[in-house]
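Single-letter residue listing:
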Amino acid sequence: MSREAATRVKEVPHATREIPTDLNREGVSQITTALRQLLADSFALYLKTKNFHWHMTGQHFRDYHLLLDEHAEQIFAMTDDLAERARKIGGTTLRSISDISQHQRLKDNNEESVAPKEMLAELNADNQALTRYFRSTHETCDKYNDVATASLIEVWIDQTERRTWFLSEIVQGL
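Residues numbered from 1 in each chain as written. Predicted model: local features only at pLDDT ≥ 70, side-chain atom pairs only at ≥ 80, totals over all residues. Heavy atoms only, no water.

J.: Outline the overall build of the protein chain, listing residues and values.
T.: Scanning the protein chain for helices and strands turns up six helices and zero strands. The linear arrangement of helices and strands in the protein chain, starting from the amino end, is α-α-α-α-α-α. Every one of the 174 residues in the protein chain was classed for burial, and the buried ones make up 42%. Nonlocal contacts in the protein chain, meaning residues at least 24 apart in sequence, comprise 79% of its contacts between residues at least 6 apart. Of the roughly 10,300 Å² that the protein chain leaves accessible, carbon and sulfur atoms contribute 49%. (Helix = DSSP H or I, 4+ residues; strand = E, 2+ residues; numbered from the N terminus. Buried < 20%, exposed > 50% of the residue type's maximum accessible area, 1.4 Å probe, protein only. Contact = heavy atoms within 4.5 Å. Areas by Shrake-Rupley, 256 points an atom, 1.4 Å probe, with all protein chains shown as cover.)

J.: An account of the nonpolar core is needed here, citing residue identities and associated values.
T.: Core analysis: the largest hydrophobic core is formed by 37 residues, its most contacted members being Ile31, Leu68, Met78, Leu82, Leu120 and Phe134. Only helix H2 (25–55), helix H3 (61–88), helix H5 (116–143) and helix H6 (147–173) provide two or more residues apiece to this core. Excluding residues within four positions of it along the chain, Phe134 makes contact with Leu38, Met78, Ile153, Trp156, Ile157 and Thr160. (Core = buried A, V, L, I, M, F, W, Y, C linked by side-chain atoms within 4.5 Å.)

J.: Describe the side chain of Thr93, and please don't skip the residues or the numbers.
T.: Structurally, Thr93 can be placed in the loop between H3 and helix H4 (97–103). Thr93 sits in the buried class, given a relative accessible area of 14%.

J.: Report on the pattern of salt bridges, specifying residues and quantitative values.
T.: By the definition in use, this model includes seven salt bridges. Of the charged contacts, one joins Arg105 and Asp41 as a salt bridge, the two residues approaching to 2.7 Å between their closest N and O atoms. Pair noted here: Arg105 is in the loop between H4 and H5 and Asp41 is in helix H2, with a separation of 64 residues, a long-range link. Residues Glu161 and Arg135 are paired through a salt bridge, measuring 2.4 Å at the closest nitrogen-oxygen approach. Of this pair, Glu161 sits in helix H6 while Arg135 is found in helix H5, placing the two residues 26 residues apart along the sequence. Taking the relative accessible area as the measure of exposure, Glu161 reaches 35% and is therefore partly exposed. (Salt bridge = Lys/Arg side-chain N within 4 Å of Asp/Glu carboxyl O.)

J.: How would you summarise the packing of H5 against H6 if you had to cite specific residues and measurements?
T.: The contact between H5 and H6 brings their axes to 9 Å, and the two run at 160 degrees. It follows from the interaxial angle that H5 and H6 lie roughly antiparallel. The interaxial crossing formed by H5 with H6 has left-handed handedness. Each residue belonging to the contact of H5 with H6 can be placed in one class, and the counts come to 13 nonpolar, 10 polar and six charged. (Axes fitted to C-alpha atoms, helices over the stretch in contact; angles between N-to-C directions. Parallel < 35°, antiparallel > 145°, perpendicular 65-115°, else oblique. Left-handed = near helix turned anticlockwise from the far one by under 90°. Nonpolar A, V, L, I, M, F, W, Y, C, P; charged D, E, K, R; others polar.)

J.: Please provide a residue-by-residue account of the environment of Val155, values included.
T.: Take Val155: it is sitting in helix H6. Val155 sits in the partly exposed class, given a relative accessible area of 46%. Measuring from C-alpha to C-alpha, the distance between Val155 and Met78 comes to 9.9 Å, with 77 residues separating the pair along the chain.

J.: Residue-level account of the packing of aromatic side chains, with values.
T.: Taken as a whole and judged by the stated rule, the model has four aromatic pairs. Taking the centre distance of 5.2 Å and the plane angle of 90 degrees together, the rings of Trp165 and Phe166 count as edge-to-face. The exposure class assigned to Trp165 is exposed, which follows from its relative accessible area of 52%. A residue is classified by how much of its surface remains accessible, and Phe166, at 26% relative accessible area, is partly exposed. Above the face of the Tyr133 ring, Arg105 is positioned so that its terminal group lies 3.8 Å from the ring centre. (Phe/Tyr/Trp six-rings, centres within 6.5 Å; stacked < 30°, edge-to-face > 60°. Lys NZ or Arg CZ within 6 Å of the ring centre and 35° of its normal.)

Written out as structure tokens, the structure reads:
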């Protein structure tokens, strides 16, 4: 195959790729950008939740350990749906740990030792922030009439608010 023909073959997939949705290109771009950030934040929150689950100490160890494991499972369950939703509408998604770190808004916690109350308070704040990010993305979905993504986000908002509620109740009692 000539070099010119090889170049044409390489260019064809990009040139002929169609968006598999009736959403316009600007909508797909804005929604998938927001989904990529949500996915990065979800992975960051998942790992922080597992970190605190693994490093929990204190008299309520068992209760907190089990609660954080439950929260982590719920957060991780969102990740595949977030990524696949972006792909369904023609966008791309995260590819690596470094890609996550470039898109996440939630801060990591690399401290060697964190007191249980501080762990729970930090997770509470992160879940509240994630709820705000979901609401913002929902507004973007509304702008472009993406009811399917908005519907998924509504479920995730409810789940995140429930985690926030549990964490808030515990922190207030400590």
